[in-house]
Amino acid sequence: FDTPDGGVVAVNAAALADHLDAGRAAFVPLLPDVLTDPFEVWLSFERHKGTGKVELRKRLVKVVEVGDEKRAMIAVAQVVEGRLETWTFVPTSKLGYLRSQRRGKLLFGRPVT
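What counts, and at which threshold
Residues numbered from 1 in each chain as written. Predicted model: local features only at pLDDT ≥ 70, side-chain atom pairs only at ≥ 80, totals over all residues. Heavy atoms only, no water. Phe/Tyr/Trp six-rings, centres within 6.5 Å; stacked < 30°, edge-to-face > 60°. Helix = DSSP H or I, 4+ residues; strand = E, 2+ residues; numbered from the N terminus. Buried < 20%, exposed > 50% of the residue type's maximum accessible area, 1.4 Å probe, protein only. Pairing = 2+ DSSP bridges. Axes fitted to C-alpha atoms, helices over the stretch in contact; angles between N-to-C directions. Polar contact = N/O pair within 3.5 Å; in protein donor to acceptor, adjacent residues only side chain to side chain. Core = buried A, V, L, I, M, F, W, Y, C linked by side-chain atoms within 4.5 Å. Contact = heavy atoms within 4.5 Å. Patch = residues over 30% accessible without salt bridge, like charges linked within 9 Å, V, L, I, M, F, W, Y side chains within 5 Å. Areas by Shrake-Rupley, 256 points an atom, 1.4 Å probe, with all protein chains shown as cover. Salt bridge = Lys/Arg side-chain N within 4 Å of Asp/Glu carboxyl O.

> I tried to follow the packing of aromatic side chains on my own but got confused; where do I start?
The description of two aromatic rings rests on the distance between their centres and on the angle between their planes. All chains considered together, the criterion is met by two aromatic pairs. An angle of 20° between the planes, with centres 4.6 Å apart, marks the rings of F27 and F89 as stacked. One end of the pair, F27, is in the loop between α1 (13–17) and α2 (31–36); the other, F89, is in strand β4 (residues 83–91), and 62 residues separate them in sequence. Judged by centre distance (6.1 Å) and plane angle (80°), the ring pair of W87 and F89 falls under edge-to-face. With respect to class, W87 is no different from F89; both count as buried. By way of ring pairs, the aromatic residues F27, W87 and F89 are connected into one cluster.

> Please clarify how unusual backbone geometry should be interpreted in this entry.
Note on backbone geometry: most residues besides glycine have negative phi, and most peptide bonds are trans. Not every positive phi belongs to a glycine, and E81 is a case in point at roughly 50°. Relative to the elements of secondary structure, E81 occurs in the loop between β3 (71–80) and β4. For E81, a relative accessible area of 66% translates into the label exposed.

> Please explain the sheet that holds strand β2 (residues 54–66) as it appears in this structure.
Sheet strands line up and pair through hydrogen bonds in the backbone, either parallel or antiparallel. If you trace the five strands from one edge of the open sheet to the other, you get β4-β3-β2-β1-β5, paired in antiparallel fashion. The open sheet has two edge strands with one neighbour each: β4 and β5 (105–109). Pairs of neighbouring strands in the sheet enclose a mean axial angle of 25°, with direction left out of account. Of the strand pairs in this sheet, strand β1 (residues 40–47) and β5 are connected by four bridges, and their pairing is antiparallel. Each bridged residue has a counterpart across the sheet, and for E40 the counterpart in β5 is G109.

> What's the story with the side chain of E85 in this structure? I'm lost.
Within the secondary structure, E85 sits in strand β4. Here R57 takes part through its side chain, which lies 2.9 Å from a polar atom of the side chain of E85. A distance of 2.6 Å separates the side chain of E85 from the side chain of Q78, its partner in a polar contact.

> Looking at this structure, I do not really get the nonpolar core. What am I missing?
Among the nonpolar cores identified, the biggest contains 17 residues, and V64, L84 and F89 are the most heavily contacted of them. Sorting the residues of this core by element identifies α2, β2, β3 and β4 as the ones contributing at least two each. Among the elements that line this core, the one with the most residues is β3, at four residues. Excluding residues within four positions of it along the chain, L84 makes contact with V9, A10, V11, A15, L16, L35, A77 and Q78. V61, V76, V90 and L98 belong to the second largest nonpolar core, which has six residues in total.

> Sorry, what's going on with a nonpolar patch on the surface here?
On the surface, a nonpolar cluster with roughly 310 Å² of combined accessible area is contributed by F45, V54 and L56. With respect to the secondary-structure elements, V54 resides in strand β2.

Next up, the structure:
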């Protein structure tokens, strides 16, 4: 997938399956939109919790409507070396989570309309 900051993201089955349980299965069709049309793209160096290795990570953030009741969720996809590493969707009531995803250098941000 091409991202609005000029990057490319490869998605493989392992990255999807690592976060796929019954509660997340409905969100998989929304991932292409998060990757190609995010509200923000952030770039930062982060230490991997398991290995301790420092890597450059790109984080794509978007608020999306889901379900019949059109509830809003914060969608975050994390990319390392051009491949999807992890993804999640959290309720917008957790705005502290959104703030925590905004770190590093802002590569792309949609103008506020």
